[in-house]
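Read off the chains here:
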Amino acid sequence: MINATSTAIATILADIRRLPEWNPAILSVTTVDSLALVGKPYRIRAKLPGSPTITYDEIADDNIVWRLDGFQAHEAGAWKLVPAGDHKTEVTHTITHSGAIFRVLAGAFQTVPGLRLDRLQRRAEYGE
């Protein structure tokens, strides 16, 4: 549960330039866009080999869906945002991995959704 509206949270999630501030897997994003555009691949520096990209497949007040594609490493992720009353939102974050890199690191990412949720909550509630 995050003390912010789903619209405010969706805006944080779609703020492509500030993504590295709260997502520990992404070190930087190369773009002039302030909000991500659906279907546009963005070059990122991440804790992955090669030149990965992140592409948003859906951006809405109730659902954000993206995919990260790198060399032998692919992550598909979603944020489900359900309004829960007075400026509160129930937030669910899911990820799935494929590719040789993630097969080798299987199990190492089980805590990642929780870490991202904690950082998103701090960002939404305290501007951190």
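This text follows the structure it describes.
Everything numeric here is computed off the predicted structure, so don't read it as measured data.

J.: Would you mind going over helix α4 (residues 112-126) with me for this structure?
T.: Residues separated by three or four positions in an α-helix point in the same direction, a consequence of the helix having 3.6 residues per turn. An ideal rise of 1.5 Å per residue puts 21 Å on 15 residues; α4 measures up with 21 Å between its terminal C-alpha atoms. Burial in α4 covers these residues: Val112, Pro113, Arg116, Leu120 and Arg123. Projected onto a plane normal to the axis of α4, the buried residues spread over an arc of 90° and lie on a single side. Turning to α4, the residues buried within the fold contact α1 (6-14), α2 (19-22), β4 (63-70), β5 (73-83) and β6 (89-98). At the C-terminal side of α4, Gly127 shows a positive phi close to 70°.

J.: What's the story with the side chain of Ser6 in this structure? I'm lost.
T.: Looking at the element boundaries, Ser6 is found in helix α1. Among the residues examined, Ser6 registers a relative accessible area of 11% and is labelled buried. Apart from the residues within four sequence positions on either side, Ser6 is in contact with Asp61, Leu81, Pro83 and Thr89.

J.: Please explain α1 as it appears in this structure.
T.: Inspection of α1 places Ser6, Ile9, Ala10, Ile12, Leu13 and Ala14 among the buried residues, and these make up the whole buried set. Each element contacted by the buried residues of α1 is listed here: α2, β3 (53-59), β4, β5, β6 and α4.

J.: What's the story with the environment of Thr92 in this structure? I'm lost.
T.: By the secondary structure assignment, Thr92 is in strand β6. The class for Thr92 is partly exposed, based on a relative accessible area of 36%. Sequence spacing of Thr92 and Asp57 is 35 residues, and the spatial spacing of their C-alpha atoms is 17 Å. Look past the residues within four positions of Thr92 in its chain and what remains in contact with it is Ala78, Trp79 and Lys80.

J.: I would appreciate a short explanation of empty space enclosed by the protein in the present structure.
T.: Rolled over the atoms, a probe with the dimensions of a water molecule shows which regions are left empty. One pass over the structure, following the stated rule, counts 1 cavity of 30 Å³ or more. In this structure, the largest cavity occupies an estimated 90 Å³ of space. Lining the largest cavity are 13 residues, and of these Leu19, Asn23, Ile54, Trp66 and Trp79 lie nearest its centre. For the lining of the largest cavity, the secondary structure elements donating two or more residues are α2, β3, β4 and β5. Ranked by residues supplied to the lining of the largest cavity, first place goes to β4 with 3 residues. For the lining of the largest cavity, the class distribution of residues is 10 nonpolar, 1 polar and 2 charged.

Scoring rules and cut-offs
Every chain is numbered on its own, with residues counted from 1 as its sequence reads. Where local features are concerned, this predicted model is filtered to residues with pLDDT of at least 70; where side-chain atom pairs are given and counted, the filter is 80 or more; whole-chain, interface and lining totals use all residues. The basis for every side-chain value is the complete set of heavy atoms in the structure, and neither hydrogens nor water enter the calculation. A run of H or I in DSSP counts as a helix once it spans at least four residues, and a run of E counts as a strand once it spans at least two, with each numbered from the N terminus. For a helix, the expected span equals 1.5 Å multiplied by the residue count minus one. For every residue, the accessible area (1.4 Å probe, protein chains only) is compared with the maximum for its type, and the residue is labelled buried under 20%, exposed over 50%, or partly exposed between those bounds. It is the directions from the helix axis to the C-beta atoms whose arc is reported. Note on definitions: a residue-residue contact is assigned when non-hydrogen atoms from the two residues lie within 4.5 Å. Buried and open spaces are told apart on a 1 Å grid over the protein atoms alone, a cavity being a set of points where a 1.4 Å probe fits but cannot get out and a pocket being an open set with protein on both sides within 12 Å along at least five of seven lines. Residues with an atom within 4 Å of a point are the lining residues. Grid points are joined across faces, edges and corners, and a volume is the space filled by probe spheres set on the points. When residue character is reported, Ala, Val, Leu, Ile, Met, Phe, Trp, Tyr, Cys and Pro are called nonpolar, Asp, Glu, Lys and Arg charged, and the others, Gly included, polar.

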